[in-house]
Each structure stands twice: as structure tokens, then as C-alpha cells.
Amino acid sequence: MFDLISKLFYRENMTSRDIAKERLRLVLVHDRSSSSPELLNALKEDLIRVIREYMEIDEDALVVDLANEEDAVALIANIPVKGFRRAVNQ
Amino acid sequence: MDKKNSECHVIVVTSGKGGVGKTTTVANVSTSLAKMGYRVAVMDLDIGLKKLDLILGLENRVIYDIVQVIEGECTLKQALVRDKRFPELHMLPAAQTRNKDEITPEQVKDLCSQMRPDFDFVLIDCPAGIEQGFRNAIAAADQALVVTNPEVSAVRDADRIIGMLESAGFQDIKLIVNRIRPDMVRHGDMLSIEDLIEHLCIDLLGVVPEDRNVVVSTNRGEPIILNDRSSAALAFNNIARRIIGEEVEFPTFQDDSFWDRLRGLGRNLFSGR
């Protein structure tokens with residue numbers, strides 16, 4: 001609740017320039033990610049390569065996507081784990 | 001850069017969004033270059049919606065257009081309109097009753113290579129949008145200037161255009177911010193140059209302040225750069241000077257509100273000189 005109030009208060013104190021800046025930032029993140037799906041695919045492949053060194057994952061079920069929330073963009077990765085590699089600590 | 005050098009620069013002026021000042025930029029930067037003595041051609045590729053002839057005040061001198069040149073109805077030389085006020089400035093008019101998809105990128109490239117030997121600069125006025133007209137306009141260019149305004153919708157389109165220019169292989173892309181109001185930026189009511197550069201991540205070539213004189217010049221069909229009391233004129237002249245390789249400082253626009261000027265006047269009056 002306090003969060004919400006402080007957020008509203010904050011927003012009210014923002015100049016229209018700050019609001020424009022924030023809207024621009026969000027819209028550019030969204031535009032750039034949707035105009036280049038290759039980028040997300042490349043990221044996905046890199047993720048698989050790194051994670052495979054530590055654990056077994058279901059590569060076909062792996063999902064990497066960007067999600068829009070109210071005032072943020074999140075990178076969401078859902079990576080089903082099949083099993084861990086045996087630890088090699090000698 | 002030497003005058004009358006052998007290398008011709010073909011520069012496309014583009015923006016994505018319409019109405020941000022592409023044509024005004026093309027008209028004034030090319031006039032400024034011509035005034036310095038460079039041989040300049042401007043090519044209007046906004047076929048079907050031409051404006052450059054009006055902004056330059058050359059609308060009554062147009063006889064042939066670019067589509068007629070391409071279709072072989074006249075020669076390039078016949079179609080080029082020479083500006084009597086600036087003997088080095090030539091305009092290749094767009095066709096008003098044709099469509100953008102009646103010409104191809106290859107034809108524009110051909111035309112440009114015919115023009116290169118005779119000019120130091122060829123400026124291409126690109127239509128708004130990202131369709132055929134845009135592809136025609138960028139086909140022959142070596143460099144690109146992206147014009148934007150300090151507002152979210154224009155910057156978003158500029159970002160898209162920069163992405164498309166980059167994937168078309170452009171190495172030299174520079175930004176012109178048009179119609180900025182320094183007083184509004186100071187009061188937190190307009191995006192600043194820094195805000196724009198931070199998001200677009202390209203080099204800045206010029207900043208043109210909002211200026212009522214531009215409307216007056218456009219009404220008369222005279223380039224604003226002839227008005228030596230206009231801040232926009234100074235900005236366009238600076239852009240032309242940066243294009244030919246001069247280092248020109250960016251003005252800070254600090255002292256242009258009424259109260260700031262009054263304060264400056266008071267300081268000068270009472271400083272004892």
C-alpha cells in the first residue's frame with residue numbers, strides 16, 4: 001500500500017520530460033526486441049550452451065521471452081531441468 | 001575537404017515520421033553548402049507528395065521531373081532546375097502525379113552515378129515511411145542524416161529507421177534534432193538532446209531550435225539561412241559546416257529566455273563599461 005502511494009506521489013512529481021523519457025525507454029526496448037527475433041534466438045542458443053555445462057536441460061521446451069509489465073520489461077526464461085551433472089570437485 | 005574535389009558525397013535525409021522537418025533540413029543545408037561554393041544537387045524522392053520545390057521557392061521553374069528522366073522523356077540536364085539566387089544549387093524535382101513504386105532503387109542508383117561527376121554533394125529528400133520510397137531514397141546514398149523532434153513518437157520512428165539503415169549497411173548515420181525548445185527542456189517539459197542521444201546511440205550532427213522565422217521563410221519560399229537573425233538559420237549553417245568537416249561547437253542555448261536576457265542586459269549596463 002505504502003508502495004503504491006509513494007509511487008503515485010512520485011509520478012505526480014515527475015516532470016513531463018521524465019515521463020516521456022520513461023515511455024521512450026520502454027517502447028524502444030519493446031520495439032527493438034520484436035523487430036529482431038534473431039537477437040532472442042541467439043541469446044537462447046548462448047544460454048543453452050552455458051547451462052548445458054552445469055545441468056541437463058530440456059532444450060526443446062526452453063522458452064526465452066520478454067514480458068512487459070507496467071513500468072518495466074523483464075527477460076523471462078523458463079528452462080526445464082532434467083538433471084544435474086555430477087559434481088567434479090577433487 | 002577541398003572545394004570542387006573529385007569525390008561526390010551522396011547524403012540521404014530521412015526520419016520515418018512525417019512532418020519533423022526533413023525537407024526544410026534538405027533545403028537549408030543544401031543552400032548553405034551551395035552558398036559556400038560547393039556544387040550541390042538536391043533530389044526530391046517524395047514522389048506523389050512533393051514539397052522541396054515549394055520550400056526552395058522554385059515551384060514555378062519546374063519543367064520536367066525525376067520520373068520523366070528515368071523514363072527517358074528528357075535528359076537529366078533538362079530536368080535539373082538551377083537556383084538563380086545560388087548558382088551552385090540544382091534541384092531535381094519529384095513527380096506529383098505519379099507513385100513512389102514507379103521507380104526502383106536501381107534506377108535511383110543509376111541517376112546518382114550520372115550526377116556524381118558534376119557535383120560535390122547530392123542530398124536526397126526521403127519520403128516519410130519505411131516502404132518503397134524509403135528503399136529508393138537510401139539505395140544510392142553513402143551517408144544518412146536522421147531528422148527527429150524531441151517527442152516520443154518521432155524518436156521511436158527514428159530508432160526504427162536507424163535500425164533499417166544499419167541493416168542496409170550504412171556506417172555513417174548522424175542525428176539532427178529539429179524544433180527543440182530550450183526553455184521547455186529547462187522546465188522539464190521536453191526531452192533533451194542528452195535524453196535522445198542516450199536512447200538512439202548515434203552521433204549528433206546538429207540541433208535546430210524552434211523558430212517562428214522558419215514559417216515566415218517557408219511562406220515566402222526563401223531559405224531561412226539568409227536570415228542572419230534567426231537561430232534556426234545559424235543551426236542549419238552549422239550543420240553544413242560540420243558536413244564539410246569543420247569543427248563547430250554546439251551552442252548551449254542557456255541564455256535565451258526573456259528573464260535571462262534581461263539579466264544579461266542589466267549586467268552589461270551596470271558592469272561599468
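None of these values were measured; they are calculated from a predicted model.

(A) The overall build of chain A, seen in detail. Scanning chain A for helices and strands turns up three helices and four strands. Ordering the α and β elements of chain A from the N terminus gives α-α-α-β-β-β-β. Sorting the 90 residues of chain A into buried and exposed places 19% on the buried side. Of all intrachain contacts in chain A linking residues separated by at least 6 positions in sequence, the fraction that spans at least 24 positions is 49%. Here chain A has roughly 7,200 Å² of accessible surface; of this, 54% comes from carbon and sulfur atoms.

(B) Region of interest: the overall build of chain B. A tally of helices and strands in chain B yields twelve helices and eight strands. Here the C-alpha radius of gyration of chain B, 19 Å, is about what a compact globule of 273 residues would show, namely 19 Å. Over its C-alpha atoms, taken along the principal directions, chain B stretches across nearly 70 × 40 × 35 Å. Within chain B, the fraction of its 273 residues that count as buried is 53%.

(C) Local environment of the state of the cysteines. All told, the structure shown has zero disulfides over all chains when counted by the stated rule. Among the cysteines around C126(B), which has no disulfide bond, C112(B) carries the closest sulfur, lying 13 Å off.

(D) Representation of the packing of helix α5 (residues 105–115) of chain B against helix α6 (residues 132–139) of chain B. Residues and elements named next belong to chain B. Orientation of α5 relative to α6, taken along the N-to-C sense of each, is 30°, at an axis distance of 8 Å. By the criterion of interaxial angle, the relationship of α5 to α6 is roughly parallel. As α5 packs across α6, the resulting crossing turns out to be right-handed. Two secondary-structure elements touch here, α5 through P105, V108 and K109 and α6 through Q132, R135, N136 and A139. Of the residues that constitute the contact of α5 with α6, the class distribution is three nonpolar, two polar and two charged.

(E) Structural context of the nonpolar core. Residues and elements named next belong to chain B. In terms of nonpolar packing, the biggest core is built from 56 residues, with V12, M43, L45, L92, I124 and L165 touching the most fellow members. Not counting residues within four places of it along the chain, the set of residues in contact with L165 comprises T14, F134, I138, A144, V146, F170 and I173. In this structure, V29, A34, L52 and L56 belong to the second largest nonpolar core, which totals 38 residues.

(F) Structural view of the pattern of salt bridges. Per the counting criterion, the structure on display carries 19 salt bridges over all chains. Here K100(B) makes a salt bridge to D46(B), at a shortest N to O gap of 3.0 Å. Residue K100(B) is located in the loop between β4 (89–92) and α5, and its partner D46(B) is located in the loop between β2 (40–44) and α2 (52–56); the two are separated by 54 residues in the primary sequence. For K100(B), a relative accessible area of 24% puts it in the partly exposed group. Linking K174(B) and D172(B) is a salt bridge whose minimum nitrogen-to-oxygen distance equals 3.0 Å. What emerges from the salt-bridge pattern is a single network uniting R17(A), K21(A) and D195(B).

(G) Here's a closer look at the side chain of D125(B). Residue and element names in this part refer to chain B. Turning to its location among the elements, D125 is positioned in strand β5 (residues 121–125). The charged side chain of D125 is buried without a salt bridge, its nearest counter-charge being K22 at 6.1 Å. At 2.9 Å, the side chain of D125 forms a polar contact with the side chain of T23. Apart from residues lying up to four places away in sequence, D125 is in contact with V13, K22, T23, V26, M43, D44, L45, D46 and L52.

(H) Geometry of the environment of S30(B). All names here are of chain B. Mapped onto the elements, S30 comes out in helix α1 (residues 22–35). Considered as a pair, S30 and R135 are 105 residues apart in the sequence and their alpha carbons are 22 Å apart. Once residues lying within four places of it in the same chain are set aside, the contact partners of S30 are T25, V40, V42, L89 and L123. Separated by 2.5 Å, the side chain of S30 and the backbone oxygen of V26 make a polar contact.

(I) Structural context of the interface of chain B and chain A. Contacts between chain B and chain A engage 14 residues on the former and eleven residues on the latter. Buried area between chain B and chain A, both sides added, is near 1,300 Å², and the carbon and sulfur share of it is 58%. When the buried surface of chain B facing chain A is broken down by residue, V152(B), R156(B) and H199(B) rank first, second and third, together holding 43% of it. For the interface between chain B and chain A, the tally reads four salt bridges. Here D195(B) makes a salt bridge to K21(A), at a shortest N to O gap of 3.4 Å. Counting the contacts that link chain B with chain A gives ten residue pairs in polar contact (both at pLDDT 80 or more). Among the secondary structure elements, those contributing two or more residues to the side of chain B that touches chain A are α7 (152–167) and α9 (193–200) of chain B. Looking at the side of chain B that touches chain A residue by residue, the class counts come to six nonpolar, three polar and five charged.

Cut-offs and rules
- Residues numbered from 1 in each chain as written.
- Chains lettered and ligands numbered in written order.
- Predicted model: local features only at pLDDT ≥ 70, side-chain atom pairs only at ≥ 80, totals over all residues.
- Heavy atoms only, no water.
- Helix = DSSP H or I, 4+ residues; strand = E, 2+ residues; numbered from the N terminus.
- Buried < 20%, exposed > 50% of the residue type's maximum accessible area, 1.4 Å probe, protein only.
- Contact = heavy atoms within 4.5 Å.
- Areas by Shrake-Rupley, 256 points an atom, 1.4 Å probe, with all protein chains shown as cover.
- Rg over C-alpha atoms; globule rule 2.2 N^0.38 Å.
- Disulfide = S-S within 2.5 Å.
- Axes fitted to C-alpha atoms, helices over the stretch in contact; angles between N-to-C directions.
- Parallel < 35°, antiparallel > 145°, perpendicular 65-115°, else oblique.
- Left-handed = near helix turned anticlockwise from the far one by under 90°.
- Nonpolar A, V, L, I, M, F, W, Y, C, P; charged D, E, K, R; others polar.
- Core = buried A, V, L, I, M, F, W, Y, C linked by side-chain atoms within 4.5 Å.
- Salt bridge = Lys/Arg side-chain N within 4 Å of Asp/Glu carboxyl O.
- Lys, Arg positive; Asp, Glu negative; His and termini not counted.
- Polar contact = N/O pair within 3.5 Å; in protein donor to acceptor, adjacent residues only side chain to side chain.
- Buried area = accessible area lost by both parts, 1.4 Å probe.

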